[in-house]
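Examination of the molecular architecture
Here's the letter readout for the chains.
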Amino acid sequence: MNVFLAGATGVIGRRLVPLLRDAGYAVTGTTRSQERAVALEALGARAAVVDVFDARALLAAMNTAHPDIVIHQLTDLPDVLDPATQAAVLEANSRLRIDGTRNLINAAQMTGARRVIAQSIAFVYAPGHGERMEADPLDPAPDRAVTVRGVAALEEQVMKAPGIDGIVLRYGRLYGPGTWAASAPAGGPLHVDAAAHAALLAVVRGVRGIYNIAEDDGAVSSEKAKRDLGFDASFRMGR
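Computed from a prediction, not measured in an experiment: that's the story for all the values here.

1. So, the overall build of the chain
- Helix and strand counts for the chain come out as 7 helices and 9 strands.
- Taken over the C-alpha trace, the chain has a radius of gyration of 17 Å; the compact-globule value for 239 residues is 18 Å, and the two agree within 12%.
- Dimensions of the chain, computed from the C-alpha atoms along their principal axes, are close to 50 × 35 × 35 Å.
- Looking at the chain as a whole, 51% of its 239 residues are labelled buried.
- A separation of at least 24 residues holds for 67% of the contacts in the chain among residues at least 6 apart in sequence.
- When the accessible surface of the chain is summed, it comes to about 10700 Å², and 53% of that surface belongs to carbon and sulfur atoms.
- Of note, the chain has its 25 positive side-chain charges centred 4 Å away from the centre of its 26 negative side-chain charges.

2. Describing the side chain of S222
- Mapping S222 onto the fold places it in the loop between β9 (209–213) and α7 (223–229).
- The buried category is assigned to S222, whose relative accessible area is 0%.
- Within polar-contact distance, the side chain of S222 engages the backbone oxygen of A214 at 3.0 Å.
- Those residues in contact with S222, other than ones at most four positions away along the chain, are N212, I213, A214, D216 and F231.

3. Digging into the pattern of salt bridges
- Following the criterion strictly, the structure yields 14 salt bridges and no others.
- Note that D216 and K226 form a salt bridge whose closest N and O atoms lie 2.6 Å from each other. With D216 in the loop between β9 and α7 and K226 in helix α7, this residue pair connects regions lying 10 residues apart in the sequence.
- Residue classification places K226 among the partly exposed positions, given a relative accessible area of 31%.
- We note a salt bridge from R227 to D228, for which the minimum N-O separation is 3.0 Å.
- Each of R95, D99 and R102 takes part in a single network of salt bridges with overlapping partners.

4. A few points about the environment of T101
- Of note, T101 is situated in helix α4 (residues 86–111).
- Accessibility expressed as a relative area gives 1% for T101, which makes it buried.
- One polar contact links T101 to H72, side chain to side chain, over a distance of 2.9 Å.

5. Digging into helix α5 (residues 145–160)
- End to end, α5 covers 22 Å across 16 residues, agreeing with the expected 22 Å (1.5 Å per residue, within 8%).
- Listed as buried for α5 are T147, V148, G150, V151, A153, L154, E155, Q157, V158 and M159.
- Looking at the packing, one finds that the buried side of α5 touches β4 (69–72), α4, β5 (115–121), β6 (165–171) and β9.

6. Some words on the environment of G29
- Along the chain, G29 falls in strand β2 (residues 26–31).
- Once the C-alpha coordinates of G29 and D82 are considered, the two residues, 53 residues apart in sequence, prove to be 28 Å apart.
- Other than its neighbours up to four places away in sequence, G29 contacts L5, A8, L40, R46, A47 and A48.

7. Description of the pairing of β2
- Burial analysis of β2 places 5 of its 6 residues in the buried class, the great majority of the element.
- Inspection of the sheet shows strand β1 (residues 2–6) paired to β2 by 4 bridges, in the parallel sense. Paired with V3 across the bridge in β2 is V27.
- Where the polypeptide runs from β1 across helix α1 (residues 13–22) and back to β2, its parallel neighbour, the crossover connection is right-handed.
- Bridge count between β2 and strand β3 (residues 46–49): 4 bridges; the pairing is parallel. Following the sheet pairing, G29 is matched in β3 by A47.

The rules behind these values
Residues numbered from 1 in each chain as written. Predicted model: local features only at pLDDT ≥ 70, side-chain atom pairs only at ≥ 80, totals over all residues. Heavy atoms only, no water. Helix = DSSP H or I, 4+ residues; strand = E, 2+ residues; numbered from the N terminus. Rg over C-alpha atoms; globule rule 2.2 N^0.38 Å. Buried < 20%, exposed > 50% of the residue type's maximum accessible area, 1.4 Å probe, protein only. Contact = heavy atoms within 4.5 Å. Areas by Shrake-Rupley, 256 points an atom, 1.4 Å probe, with all protein chains shown as cover. Lys, Arg positive; Asp, Glu negative; His and termini not counted. Charge placed at Lys NZ, Arg CZ, Asp CG, Glu CD. Polar contact = N/O pair within 3.5 Å; in protein donor to acceptor, adjacent residues only side chain to side chain. Salt bridge = Lys/Arg side-chain N within 4 Å of Asp/Glu carboxyl O. Expected span 1.5 Å × (residues − 1). Pairing = 2+ DSSP bridges. Right-handed = clockwise from strand over helix to strand, strands pointing away.

Any functional reading would require information that these geometric values do not contain.
Structure follows, in C-alpha cells:
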C-alpha cells in the first residue's frame, strides 16, 4: 500500500517514516530541502522535494506516488520559538493549515487517494470543567483566533472532502526529541513517538473521525482514540 507523507522531515514525520516502513508500507515523503531528501531516502522512503503551496508541483508529486493514503504532518514552526516573532509564526502556521491543506486534499482527490490523516491540536478547546472531549467547542477567545481559525479550516476540509475518509488527530503538547520540550508539559502532553505511532494506527485501522491524542493528565480525554485506534500514550520507539 502506498502512503504519501507530507511533512516527512518534520518532528513527527521523522519518527513516522520508520514505523510505516517497518509495517510494510511504500512511503513517499515530502520535504522542501534537497539535503533533507537525502536523509529521508536513507530512512527508506522515496523523497519528493516540493512546497505544499505549489499546487501544480504537489499534484505532480502525488500523481507519481499514486497513494492510497495521504498523511498531513505539515507545520510551519521554527526549531526555537522566539516571543518576538510568535505572532508571525502563528499566522504562517495558520496559513499552512488553511491553504496547504486545501492543496493536499485537492491532490488526494485527483490522484485517487481514499483516506487523509491530518495533524491537528488538542489545546484549542474552550475552557471548561473536566477533560475536554472531541465534541466540545473550540476556544472563542480573540487571542486564540488565528490558531483556531487555521485548526477549524484544516479539520473541516479533511472531514468534509467528498470521496475521502478523513481522520483528524488532535495532538497534545509535544515533548521529546526535536520538540520544544524535553519533559512532559502540563495540559495534555504527548511524546513525539506516541504521536507518530498514533498516525500509524490511523493508517492501519482507518476509523473515520476526530481523535484526541494525548496522555491522561486531566486536560483532554483520549478514550475515543484508545477504543477505536488502539492508541497507547506510553509507546516509545526505543531508539
